[in-house]
Every structure is written in structure tokens, then in C-alpha cells.
Amino acid sequence: MNQLRVGMIGYKFMGKAHSNAYRSLPMFFPTALKPEMKAICGRNASAVQEAADQLGWNESVTDWRELIQRDDIDLIDINAPSDAHKEIAIAAAKAGKHIFCEKPLALTLADAREMLQAAEDAGVRHMVGFNYRFSPAVRLAKKLIDSGRLGQIYHFRAWFLQDWIMDPQFPLVWRLQKEVAGSGSHGDLGAHLIDLAHYLVGDMQEVIGMSETFIKERPIASEMTGLSAKGSEDAPRGKVTVDDATLFLTRFENGALGSFEATRFAAGHRSTNAFEINGSLGSVKFDFERMNELEVYFTTDDEDVQGFRRVLATDPVHDYMEAWWPPGHTIGFEHTFIHEVLELSQAIAEGRQPVPSFEDGVKCQAVLEAVDKSIEERRWVSLSEM
């Protein structure tokens, strides 16, 4: 097996990111399984054909049920809205297909667990799309923690700040409807922070949170594309049923403390995905808007030169960078998806589960729901309750 035959369901924002990854992988990582972009699926026949032509897929189809039954497909890539994940993933598993699913894994923890169980029962490989793990600077932070160079970890604080829906007249897109998206900033942005916390620090023990929906109603959208939409001020209005902002605190099982903030109402922040980790021997700071950099501080430095240093994670010693450009030549958002697909490709070739798997998606969903439960019941909630 030297090719990975892919059928993809969804073709907008994430569909473009995934398509670029499949096309770029063999150019920069030639020993990986070569993705063959067999078919792309969407409900609108003309729109999905246009996407197929633009993104480089062999053909377009409109029925995902037929797609997952095809003998010429090895992997089903799901980047449709969240309410479609469960049905497609379970059917794909039963059809014996490997599965790559965007986050959050499902609308609910129960659904996520069903998806994991179906994949395990079928013996297929499964991966969830937490792409920020695959930034070389984040991987460097992981190495510093795992090697003990930061010592005992005391604090993890993270924030994902956006401002794209601050206008009260911005239309009611699907991401603002709970029945489709599952949650708002909490599941869309906070899920990434939760996964980074799990990856870097470890499992959580208990959480307490609060949330707010600042704009309760919005004009019904007449057209939606990716994160953009069209509508008019005099259009009928619909209720926003998700959070605009969610904040929570956690205690990790290893004793570290964590704080998380996810909001779409932080003026001036287009997409500030950042964290800081403090340990007994040092600290690291990361901001995805400067994704090639990791700020590093060690307490063991001589006193007269102590301070945060900027490490540019573009040398061959840093994960993935040997495949890219000369040191100092930076990479971007799209490269995290290429690295993600590399992990998926290698795992399938080696007969192992890729990481992050559906199990990681379930762990993230448990935290999301524990925070929701905490907000509803106004108390600390243990992850053991979930």
C-alpha cells in the first residue's frame, strides 16, 4: 500500500485546508503514503463540483452514504458541520473506512463515545482534527516539559480570542446555532485550548466556569461561506443559542492549575490562540499569531541575563522543519494541517492509531460538558462525574 485513497465530506473552510494538505504532503514528505483525492462530497451539486475543480479532487458527489460504501476509498475525511459528524463517522467505521474528523468530535459526550466505540469495534484508524498540536513551536514546548527542563508544572493559562461576530447585525450563521454547532466559542475555540492542555500538561481533575451570550438575536443569514455570511438588517431575526464567551478554571490531576478563556468578542483580536506555562525551572509562552516563535525562560540562567528569550522554531532540529525551508524561513497555518495529515498517513502505514485520536476527542468533549454542567449548576464539577 503506497497510496491513501480519500473521500472528503465538506468543502468550505476546513475542506480547503484539508485539500491543500493532501496535495502538499507528497511534495515535502515523499516517503508518506501518497493521498489520492478520489471524491469530494457536498449537498449542492454545482457548488461541490466547483470546489472539486478548484481544490483538485477527481470527482464530486452529493450522497455521502454512497461515498463511504465505495471500494476505491480508504479514508473518510469529515469536515462538515458538527451535527453531521456522528452519523457519518459511525457509518464509515461500519464500512471499514479509516476516519479523519474535524473537532469538536460530536455535539455531545455520549455521541463522541459512540463514535469512538464504533471505530474501535471496526478496527479502523481514527483521528480528530486538533491541528495546533502540529506547530513546531508547540512541539518544542512539549519537549521542554517532557524532558523536565521546565521542572514541575504549576500553571497553564490559555486564551483564544476572536472578534468576528461583534457587529450585532452579523447574520445568524450555523456556528451560532446549538443544534448544528453544539456550542459557541466554548466548543469551537475552547476545544483547541483544552486539547493543548491535555497534550502539554495532562488530564484535568475538576472544572468551574462561566459563560455569556452578549447578542441574543441576529438577522437570519441569506448566504453562508466559511466564517462569512450575508444578511440584511430588516431580515427576520433568530435566537443565538450558543455562548459568545466562556471562561473556566481547572485543577489538573498532577496538581497544576489552569485558566481558559474563549471569546468571539475581543476587539482587535483576529485569532489570538495563546498559552503560557509556568514551571519550577522555567516558563514558555506561545501565540499562534507568531506561530514560529516560542518564548522560553529558564531559572538556571545567570542572574544578569535572565529573561524570556525568543526561540525561532525553524531549524532542522525542530519537528517537521527539515522538510521545509532554510532556518529563519517561516511556515504558516496551512502547514499544521500538512503535519496532521503526515501523522495520519504514517499511522495508517504503520498499523497504529494516529494521535490525536477519537479518544482525545472524547476527553476534550468531557471537559466541554463538565464546564457546561458547572455553569448550569454553579459549582465545581469533577471529570469523574462525566
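In what follows, the structure referred to is the one given above.
Just so it is clear, the structure is predicted and the values come from calculations on it, not from any experiment.

**Section: the overall build of the protein**
In terms of regular secondary structure, the protein is built from 10 helices and 19 strands. A globule of 386 residues ought to have a C-alpha radius of gyration of about 21 Å, and the protein, at 21 Å, matches this closely. Seen along its three principal axes, the alpha-carbon backbone of the protein occupies a region of about 65 × 50 × 40 Å. In the protein, of all internal contacts separated by at least 6 residues, the share reaching a separation of at least 24 is 70%. Just so you have it, the protein exposes about 16,700 Å², and 48% of that area is on carbon and sulfur atoms.

**As for the pairing of strand β8 (residues 204-212)**
Looking at chain direction, β8 and strand β13 (residues 245-252) are connected through 8 bridges and run antiparallel. Bridge pairing in β13 places Glu 206 opposite Arg 251. Pairing geometry for β8 and strand β19 (residues 381-382), over 2 bridges, is antiparallel. Residue pairing for β19: Val 207 is matched across the bridge by Val 381.

**Quick look at the sheet that holds strand β2 (residues 34-41)**
Strand order across the open sheet formed by 6 strands is β3-β2-β1-β4-β5-β6, with parallel pairing between neighbours. In the strand order of this sheet, the two ends are held by β3 (59-61) and β6 (126-129), each with one partner. Each strand axis lies, on average, 25 degrees off the axis of its neighbour in the sheet, ignoring direction. Pairing analysis gives 3 bridges linking β2 to β3, with the strands arranged parallel. Directly across from Ile 40, in β3, lies its bridge partner Ser 60.

**Focus on the pattern of salt bridges**
By the definition in use, this model includes 30 salt bridges. Across the pair Lys 103 and Asp 188 runs a salt bridge whose closest N-O atoms are separated by 3.1 Å. Taken together, the residues Lys 103 in the loop between β5 (98-102) and α5 (109-122) and Asp 188 in helix α8 (residues 185-200) connect sequence positions 85 residues apart. For the pair shown, Lys 103 and Asp 188 are each scored as buried. Where Asp 203 meets Lys 363, a salt bridge forms, and the shortest distance between an N and an O atom there is 2.6 Å. Taken together, the residues span a long stretch of sequence, with Asp 203 in the loop between α8 and β8 and Lys 363 in helix α10 (residues 358-377) at a distance of 160 residues.

**With respect to the packing of α8 against α10**
Pairs of packed helices are described in terms of their axes, by the angle between the two and the distance that separates them. Where α8 contacts α10, the axes come no closer than 9 Å and their chain directions differ by 120 degrees. The angle between α8 and α10 falls in the class oblique. For the element pair α8 and α10, the recorded crossing hand is right-handed. Where α8 approaches α10, its residues His 186, Gly 187, Ala 191, Ile 194, Asp 195 and His 198 are matched on the opposing element by Asp 360, Lys 363, Cys 364, Val 367, Leu 368, Val 371 and Asp 372. Each residue belonging to the contact of α8 with α10 can be placed in one class, and the counts come to 6 nonpolar, 3 polar and 4 charged.

**Some thoughts on the packing of aromatic side chains**
Summed over all chains, the structure comprises 21 aromatic pairs. Between Tyr 132 and Phe 160, the ring centres sit 6.0 Å apart and the planes meet at 80 degrees, which makes this aromatic pair edge-to-face. Residue Tyr 132 is found in the loop between β6 and α6 (136-146), and its partner Phe 160 is found in strand β7 (residues 153-161); the two are separated by 28 residues along the sequence. With relative accessibility at 8%, the residue Tyr 132 sits in the buried group.

**Observations regarding helix α2 (residues 45-55)**
Within the span of α2, buried status applies to Val 48, Ala 51, Ala 52 and Leu 55. Viewed end-on, α2 has its buried residues packed into an arc of 100 degrees, placing them on one side of the element. For α2, the exposed residues lying more than 90 degrees away from the buried face are Ser 46, Glu 50, Asp 53 and Gln 54. Gly 56, located one to two residues past α2, shows a positive phi value of around 100 degrees.

**As for the pairing of β6**
Burial of β6 is two-sided: the residues His 126 and Val 128 facing one way and the residues Met 127 and Gly 129 facing the other way are all buried. Where β5 meets β6, 4 bridges bridge the pair, whose relative direction is parallel. Considered in β6, the bridge of Glu 102 is made with Gly 129. Following the chain from β5 across α5 to the adjacent parallel β6, one finds a crossover that is right-handed.

**Section: the environment of Arg 251**
In this structure, Arg 251 sits in strand β13. The class of Arg 251 is partly exposed, set by a relative accessible area of 36%. Along the backbone, Arg 251 and Leu 312 are 61 residues apart, and their C-alpha atoms lie at a distance of 31 Å. Once residues within four sequence positions are removed from consideration, Arg 251 is found in contact with Met 204, Gln 205, Glu 206, Ala 256 and Leu 257.

**Topic: the side chain of Lys 38**
You can see Lys 38 is positioned in strand β2. Ignoring any residue separated from it by four or fewer positions in sequence, one finds Lys 38 in contact with Arg 5, Val 6, Trp 57, Asn 58, Glu 59, Asp 72 and Ile 73.

**Thoughts on α5**
Over its 14 residues, α5 extends 20 Å from the first C-alpha to the last, a length consistent with the 20 Å expected when each residue adds 1.5 Å. Contact partners of the buried residues in α5: α4 (85-94), β5, β6 and α10. Immediately beyond the C-terminal end of α5, within one or two residues, lies Gly 123, with a positive phi of roughly 70 degrees.

Conventions and cut-offs
Residues numbered from 1 in each chain as written. Predicted model: local features only at pLDDT ≥ 70, side-chain atom pairs only at ≥ 80, totals over all residues. Heavy atoms only, no water. Helix = DSSP H or I, 4+ residues; strand = E, 2+ residues; numbered from the N terminus. Rg over C-alpha atoms; globule rule 2.2 N^0.38 Å. Contact = heavy atoms within 4.5 Å. Areas by Shrake-Rupley, 256 points an atom, 1.4 Å probe, with all protein chains shown as cover. Pairing = 2+ DSSP bridges. Axes fitted to C-alpha atoms, helices over the stretch in contact; angles between N-to-C directions. Salt bridge = Lys/Arg side-chain N within 4 Å of Asp/Glu carboxyl O. Buried < 20%, exposed > 50% of the residue type's maximum accessible area, 1.4 Å probe, protein only. Parallel < 35°, antiparallel > 145°, perpendicular 65-115°, else oblique. Left-handed = near helix turned anticlockwise from the far one by under 90°. Nonpolar A, V, L, I, M, F, W, Y, C, P; charged D, E, K, R; others polar. Phe/Tyr/Trp six-rings, centres within 6.5 Å; stacked < 30°, edge-to-face > 60°. Arc of directions from axis to C-beta. Right-handed = clockwise from strand over helix to strand, strands pointing away. Expected span 1.5 Å × (residues − 1).

Function cannot be read off these values alone, since they describe shape.
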